[in-house]
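Here are the chains, one letter per residue:
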Amino acid sequence: MQALVFTRPGVVEVLDVDEPEVGEDEVLVGVAASGICGSELHGIQTAGFRQPPLVMGHEFAGTLADGRRVTVNPIVDCGACDLCRQGLPQLCRRRSILGIHRPGAFAERVAVPRRLLHELPDGLSWEAAAVVEPLANAVHVWTLAGRPAGARVGVLGAGPIGLVCLEVARRGGAGHIAVADLAPDRLAMAERLGADAVGPALDGELDMIVDAVGVAATHRDSVSRLRPGGTAVWIGLMGDDADFESTELIRQEKRVLGSFAYNDVEFVEAMSIATDCELPWVRSFPLDEGAEIFTELMYGRSDVVKALLRP
Ligand SMILES: [Zn+2]
Ligand SMILES: [Zn+2]
């Protein structure tokens, strides 16, 4: 079958690969749409968290042999470790993730543990189904921050994760949402999706700030713009340096939380949000154009916000 494969640092190629091995309690999903994630664009620069050769793709939906349409929670938890038993499957000590630790969905077919399947409601488009996974990340961010209805919310970065965080905060009853990004077209998109203020940087004082970028400057702004007692949630993975005034955390009781993935309850909530979500920032491409679009996104040469590969 055809697949987009991470073959060596900085390189993806469309190749003919073997059919997936289907393990016990697993099924084959015929992929209909699979989103390219920002974490993949940065993640393949070195062979670290992801080891080539690898078929990536963890944001996807497709069809089972019996015709049922499904999306998939790509976090394979063990269900037995102390963290799983505490209801933290995203932190499972034996966690593996489809498209990272085992083959993912940039392919015609992918093998999936049966218990990770979620049947799609009728009428949910493939585009929306493939965006459930990023939406679930945003539901988790909102939940970690205490679902602060009425809050003044700032979002740093208007890429896919920034935009879904905006969507979830708006639906969650945020009082005012400001979105910062350096790209004017992305700010225009945030405004279209209901941001109250947009600009190259956040202004004023905010109750909650999401860092959906993850570089030193956004780490710093996510803390400095918070009110005393406010909460920053870091989800962006672009860099690993944090340069901020750490005494502020103490004297002003600011909080910084890391956010990784989601649990199954949040995944299901994201499915219901996806059923009536406007997605003008999502575009589909045939799988055989996968290497071109992936590479353009990787070098920032494309203005597409979220690209889906459609085998
Ligand atoms: Zn992702
Ligand atoms: Zn576990």
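Anything mentioned here points back to the structure above.
Asks: Before we go on, may I ask you to explain the layout of surface pockets in this structure?
Replies: Over the atoms, a rolling probe the size of a water molecule traces out where space has been left empty. In this structure, the second largest pocket spans a volume of roughly 320 Å³. For the lining of the second largest pocket, the secondary structure elements donating two or more residues are strand E4 (54-55) and strand E9 (109-113). Take the lining of the second largest pocket: its biggest share by element is 3 residues, from E9. Residues that form the lining of the second largest pocket fall into these classes: 11 nonpolar, 1 polar and 6 charged.

Asks: Quick question: what am I supposed to make of the coordination of the zinc ion (ligand 1) here?
Replies: Each pair of donors in an ideal four-coordinate tetrahedral metal site encloses 109.5 degrees, whereas pairs in an ideal six-coordinate octahedral site enclose 90 or 180 degrees. Protein-derived ligands of the zinc ion (ligand 1) are Cys37 (SG), His58 (NE2) and Glu59 (OE), with the metal-ligand distances lying across 2.1 to 2.5 Å. Mapped onto the polypeptide sequence, the residues donating to the zinc ion (ligand 1) form the spacing pattern C-x20-H-E. Of this pair, cysteine 37 sits in the loop between strand E3 (26-35) and helix H1 (38-43) while histidine 58 is found in the loop between E4 and strand E5 (59-63), placing the two residues 21 residues apart along the sequence. Here cysteine 37 falls in the buried class, since its relative accessible area comes to 12%.

Asks: Explanation requested: the nonpolar core in the structure shown.
Replies: Note that soluble globular proteins tend to have their nonpolar side chains buried in a common cluster. In terms of nonpolar packing, the biggest core is built from 56 residues, with Val153, Leu163 and Trp281 touching the most fellow members. When residues in this core are grouped by element, the largest group, 7 residues, is from helix H4 (residues 132-144). Residue contacts for tryptophan 281: discarding those within four places in its chain leaves Val131, Pro160, Leu163, Val164, Met189, Leu193, Val305 and Lys306. The next biggest cluster of nonpolar side chains, apart from the first, holds 24 residues, and it includes Ala3, Phe6, Leu41 and Val55.

Asks: Sorry if this is basic, but what is going on with helix H9 (residues 264-274) here?
Replies: It helps to recall that an α-helix has 3.6 residues per turn; residues three or four apart then point in one direction. Residues Glu266, Phe267, Ala270, Met271, Ile273 and Ala274 constitute the buried set of H9. Axial view of H9: buried residues confined to an arc of 160°, hence all on one face. Those residues of H9 that are buried lie in contact with strand E6 (69-72), strand E10 (117-119), helix H3 (126-130), H4 and helix H5 (160-171). The opening residue of H9 is asparagine 263, an N-cap whose side-chain oxygen sits 3.1 Å from the backbone nitrogen of valine 265.

Asks: For this particular structure, what's the right way to read the coordination of the zinc ion (ligand 2)?
Replies: Every protein donor of the zinc ion (ligand 2) is accounted for by Cys78 (SG), Cys81 (SG), Cys84 (SG) and Cys92 (SG), and the metal-donor separations fall at 2.3 to 2.4 Å. For the zinc ion (ligand 2), the 4 donor atoms in the first shell make angles of 102 to 117° at the metal, so the coordination geometry reads as tetrahedral. In the primary structure, the donors to the zinc ion (ligand 2) are separated according to the pattern C-x2-C-x2-C-x7-C. Remark: cysteine 92 occurs in the loop between helix H2 (82-85) and strand E8 (96-97) and cysteine 81 occurs in the loop between strand E7 (75-76) and H2; sequence separation between them is 11 residues. This pair shows no difference in class: cysteine 81 is buried, exactly as cysteine 92 is.

Asks: Explain the sheet that holds E4 to me, please; I cannot follow it from the model alone.
Replies: Whether parallel or antiparallel, the strands of a sheet pair through hydrogen bonds between backbone atoms. Taken together, the 3 strands give an open sheet; going across it, the order is E2-E1-E4, and neighbouring strands pair in antiparallel fashion. Sheet topology places strand E2 (11-16) and E4 at the edges, where each strand pairs with a single neighbour. As judged from the 6 bridges shared by strand E1 (residues 2-8) and E2, these two strands associate in the antiparallel manner. Residue pairing for E2: phenylalanine 6 is matched across the bridge by valine 12. Contacts from helix H10 (residues 290-298) reach E1 and E2, with the element oriented near 170° to E2.

Asks: What exactly am I supposed to notice about a negative patch on the surface here?
Replies: A surface patch of negative charge is lined by Asp288, Glu289, Glu292 and Glu296. Mapped onto the secondary structure, aspartate 288 falls in the loop between strand E17 (282-286) and H10.

Asks: Help me understand empty space enclosed by the protein in this model?
Replies: The full count for this structure, using the stated rule, is 1 cavity of 30 Å³ or more. By volume, the largest cavity is sized at about 40 Å³. For the lining of the largest cavity, the elements supplying multiple residues, two or more each, are H4, strand E11 (152-156), H5 and strand E14 (206-211). For the lining of the largest cavity, the element with the most residues is H4, which contributes 3 residues. Its residues assigned to classes, the lining of the largest cavity shows 9 nonpolar, no polar and no charged.

Asks: Would you mind showing me how to read the packing of aromatic side chains here?
Replies: Each aromatic ring pair is characterised by the separation of its centres together with the angle its planes make. One pass over the structure, following the stated rule, counts 2 aromatic pairs. Ring plane angle 90° and centroid distance 5.8 Å describe the contact between tryptophan 234 and phenylalanine 244, whose orientation is recorded as edge-to-face. In this pair, tryptophan 234 sits in strand E15 (residues 226-234) while phenylalanine 244 sits in the loop between E15 and helix H8 (246-251), placing the two residues 10 residues apart along the sequence. Among the residues examined, tryptophan 234 registers a relative accessible area of 17% and is labelled buried. In this structure phenylalanine 244 comes out as partly exposed when scored by relative accessible area, which is 24%. When the centroid spacing of 5.7 Å and the interplanar angle of 45° are considered together, the rings of tyrosine 262 and phenylalanine 267 count as tilted. For the residue pair tyrosine 262 and phenylalanine 267, the accessibility class agrees, reading buried in each case.

Asks: I tried to follow the pattern of salt bridges on my own but got confused; where do I start?
Replies: Should their charged atoms come close, side chains of opposite charge can pair. Summed over all chains, the structure comprises 18 salt bridges. Between glutamate 205 and arginine 152 there is a salt bridge, and its shortest N-O distance comes to 3.7 Å. Pair noted here: glutamate 205 is in the loop between strand E13 (197-199) and E14 and arginine 152 is in strand E11, with a separation of 53 residues, a long-range link. As a salt-bridge pair, lysine 254 and glutamate 248 come within 2.4 Å of each other at their nearest N and O atoms. The burial state of lysine 254 is the same as that of glutamate 248; both residues are buried. In the salt-bridge network here, residues are joined through shared partners; they are Arg152, Glu205, Asp207 and Arg227.

About the criteria used
Residues numbered from 1 in each chain as written. Chains lettered and ligands numbered in written order. Predicted model: local features only at pLDDT ≥ 70, side-chain atom pairs only at ≥ 80, totals over all residues. Heavy atoms only, no water. 1 Å grid on protein atoms, 1.4 Å probe; cavity = no way out; pocket = protein on both sides within 12 Å on 5 of 7 lines; lining within 4 Å. Points joined across faces, edges and corners; volume = space filled by probe spheres on them. Helix = DSSP H or I, 4+ residues; strand = E, 2+ residues; numbered from the N terminus. Nonpolar A, V, L, I, M, F, W, Y, C, P; charged D, E, K, R; others polar. Donors = N, O, S within 2.8 Å, 3.2 Å for Na, K, Ca; no water. Buried < 20%, exposed > 50% of the residue type's maximum accessible area, 1.4 Å probe, protein only. Core = buried A, V, L, I, M, F, W, Y, C linked by side-chain atoms within 4.5 Å. Contact = heavy atoms within 4.5 Å. Arc of directions from axis to C-beta. Polar contact = N/O pair within 3.5 Å; in protein donor to acceptor, adjacent residues only side chain to side chain. Tetrahedral: all angles 85-135°; square planar, octahedral: opposite > 155°, others 65-115°. Pairing = 2+ DSSP bridges. Axes fitted to C-alpha atoms, helices over the stretch in contact; angles between N-to-C directions. Patch = residues over 30% accessible without salt bridge, like charges linked within 9 Å, V, L, I, M, F, W, Y side chains within 5 Å. Areas by Shrake-Rupley, 256 points an atom, 1.4 Å probe, with all protein chains shown as cover. Salt bridge = Lys/Arg side-chain N within 4 Å of Asp/Glu carboxyl O. Lys, Arg positive; Asp, Glu negative; His and termini not counted. Charge placed at Lys NZ, Arg CZ, Asp CG, Glu CD. Phe/Tyr/Trp six-rings, centres within 6.5 Å; stacked < 30°, edge-to-face > 60°.

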